[in-house]
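An overview of the molecular structure
Letter by letter, the chains look like this.
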Amino acid sequence: MQNLVQFPKEAGPIGIFDSGYGGLTIYNEIKNLLPEYDYIYLGDNARTPYGTRSFNIVYEFTRQAVRCLFSQGCQLVILACNTASAKALRSIQQLDLPHLDPNRRVLGIIRPTVECIGEITKSRHVGVLATEGTIKSLSYPLEIRKLFPDIKVTGEACPIWVPLVETNEFASDGADYFVKRHIDNLLARDKDIDTIILGCTHYPILIDKIRKYVPEGITVLTQGAAVAESLQRYLQRHPEMDALCTKGGVSRFFTTESDGKFGNQASLFLNRQIEVETVTLI
């Protein structure tokens, strides 16, 4: 297990981790709201997707990513991945941080997404579209029930949606079939749903097709803005952590895959070219 003294102690960038490219939608919103901070984005693209993997594997992969970001000086890490937030966050917080560094923080994106649901839904019937791993984890129903016990939650796993995005097929005619099919499945199970959470960070890339097949009057909630605003409030409440986050407006991007491939795909999410470094997670 990593020794405390092996990690840099001085202030560093905010770390943002995802299994692939989807977390760039979270990074984008955070960067837009908090442009003065430094960031390191890490995508484990060599081992994506996480959605169909077991709890133990997701936990191990996520722990490796957190350690990597800690080694780069990050005092605060955001798991910008719903599967990692669902399957690994609590274990890392409870089992690893006390040994790695009890003063560092690892935060997820499910709780910030859920916190705003109570003000949005009127019918108190909410749907969740997410990966198989996130749906099976029941993380969204459990978190929503803690805050809003009167809300009924129905989930639908969409295993093909992430590959549609990562293979650049999200705008194809074939994507329409899979988008419509899962939306129809969700609404067939609960006709009273008036709010749908996109519980995967890749899904905003499909937002045009999703809105095409979601009936009028149903709110579609993406995660980026909610997570960014929650992080802003967190840093305001914890000035001691804010002081450990450097503020030079610099972003670096790491991937476990080809840096060229990541850079090309990332341009779909960021609408700009970036420099990328390749790392190995162990």
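Structure shown above.
First, a word on scope: everything that follows refers to the structure included in this document. Being a predicted model, the structure only gives us computed values, none of them experimental.

**A short note on the overall build of the protein**
Looking only at helices and strands, the protein features 14 helices and 10 strands. The globule rule puts the C-alpha radius of gyration for 282 residues at 19 Å, and the 18 Å found for the protein is close to it. Along the three orthogonal principal directions, the C-alpha set of the protein runs to about 55 × 40 × 35 Å. Residues counted as buried form 56% of the 282 residues belonging to the protein. The contacts of the protein with a sequence gap of at least 6 include a subset with a gap of at least 24, amounting to 79%. Averaging the positions of the 30 positive and the 32 negative side-chain charges in the protein gives two centres separated by 5 Å.

**A closer look at the sheet that holds strand S10 (residues 276-278)**
Strand order across the open sheet formed by 6 strands is S4-S3-S1-S2-S9-S10, with parallel pairing between neighbours. Since the sheet does not close on itself, it has two edges, and those belong to strand S4 (105-107) and S10, each with one partner. Put simply, the sheet's adjacent strands are angled 20° from each other on average, direction ignored. Pairing analysis gives 5 bridges linking strand S1 (residues 14-18) to strand S2 (residues 39-43), with the strands arranged parallel. Bridge pairing in S2 links Ile16 to Tyr41. Lying on the sheet, helix H1 (residues 23-33) is in contact with S1, S2 and strand S9 (251-255); it crosses S2 at an angle near 170°.

**Concerning the packing of H1 against helix H12 (residues 224-237)**
Between H1 and H12, whose axes approach to 8 Å, the crossing angle comes to 45°. Judged on the interaxial angle alone, H12 and H1 are oblique. As H1 runs across H12, the sense of the crossing is right-handed. Counted together, Thr25, Ile26, Glu29, Ile30 and Leu33 of H1 and Gly224, Ala225, Val227, Ala228, Glu229, Leu231 and Gln232 of H12 form the full contact between these two elements. Partitioned by chemical class, the residues of the contact of H1 with H12 number 7 nonpolar, 3 polar and 2 charged.

**Description of the side chain of Asp44**
Within the secondary structure, Asp44 sits in the loop between S2 and helix H2 (55-71). For Asp44, a relative accessible area of 1% gives the class buried. Contacts of Asp44, omitting those with residues within four sequence positions, involve Phe17, Asp18, Ser19, Gly20, Tyr50, Phe61, Thr256 and Leu281.

**Let's talk about H1**
Taken together, the buried positions of H1 are occupied by Gly23, Leu24, Thr25, Ile26, Tyr27, Ile30 and Lys31. Taken together, the buried residues of H1 touch S1, S2, H12, S9 and helix H14 (259-270).

**Observations concerning the pairing of strand S5 (residues 125-130)**
For S5, a buried count of 6 out of 6 residues is recorded, marking the element as mostly surrounded by other parts of the structure. Side chains of S5 alternate between two faces, with His125, Gly127 and Leu129 and Val126, Val128 and Ala130 buried alike. Bridging between S5 and strand S6 (residues 152-157) involves 6 bridges; their strand directions are parallel. Residue pairing across strands places Val128 opposite Gly155, the latter belonging to S6. As paired strands, S5 and strand S7 (residues 195-198) are joined by 4 bridges and run parallel to one another. Following the sheet pairing, Gly127 is matched in S7 by Ile196.

**Overview of the nonpolar core**
Formed by 52 residues in total, the largest nonpolar core has its most connected members in Leu24, Trp161, Ile210 and Leu235. Beyond its immediate stretch of four places on either side in the chain, Leu235 contacts Ile14, Leu34, Tyr37, Leu76, Met241, Asp242 and Cys245. Counting 27 residues, the second-largest nonpolar core is a separate cluster that includes Val58, Phe61, Leu69 and Ala88.

**Focus on the packing of aromatic side chains**
Under the counting rule described, the total for this entry stands at 11 aromatic pairs. Both rings, one in Tyr27 and one in Phe253, keep their centres 5.3 Å apart while their planes meet at 80°; by these two values the pair is edge-to-face. Of this pair, Tyr27 sits in helix H1 while Phe253 sits in strand S9, placing them 226 residues apart in sequence. The class of Tyr27 is buried, set by a relative accessible area of 1%.

Conventions adopted
Residues numbered from 1 in each chain as written. Predicted model: local features only at pLDDT ≥ 70, side-chain atom pairs only at ≥ 80, totals over all residues. Heavy atoms only, no water. Helix = DSSP H or I, 4+ residues; strand = E, 2+ residues; numbered from the N terminus. Rg over C-alpha atoms; globule rule 2.2 N^0.38 Å. Buried < 20%, exposed > 50% of the residue type's maximum accessible area, 1.4 Å probe, protein only. Contact = heavy atoms within 4.5 Å. Lys, Arg positive; Asp, Glu negative; His and termini not counted. Charge placed at Lys NZ, Arg CZ, Asp CG, Glu CD. Pairing = 2+ DSSP bridges. Axes fitted to C-alpha atoms, helices over the stretch in contact; angles between N-to-C directions. Parallel < 35°, antiparallel > 145°, perpendicular 65-115°, else oblique. Left-handed = near helix turned anticlockwise from the far one by under 90°. Nonpolar A, V, L, I, M, F, W, Y, C, P; charged D, E, K, R; others polar. Core = buried A, V, L, I, M, F, W, Y, C linked by side-chain atoms within 4.5 Å. Phe/Tyr/Trp six-rings, centres within 6.5 Å; stacked < 30°, edge-to-face > 60°.

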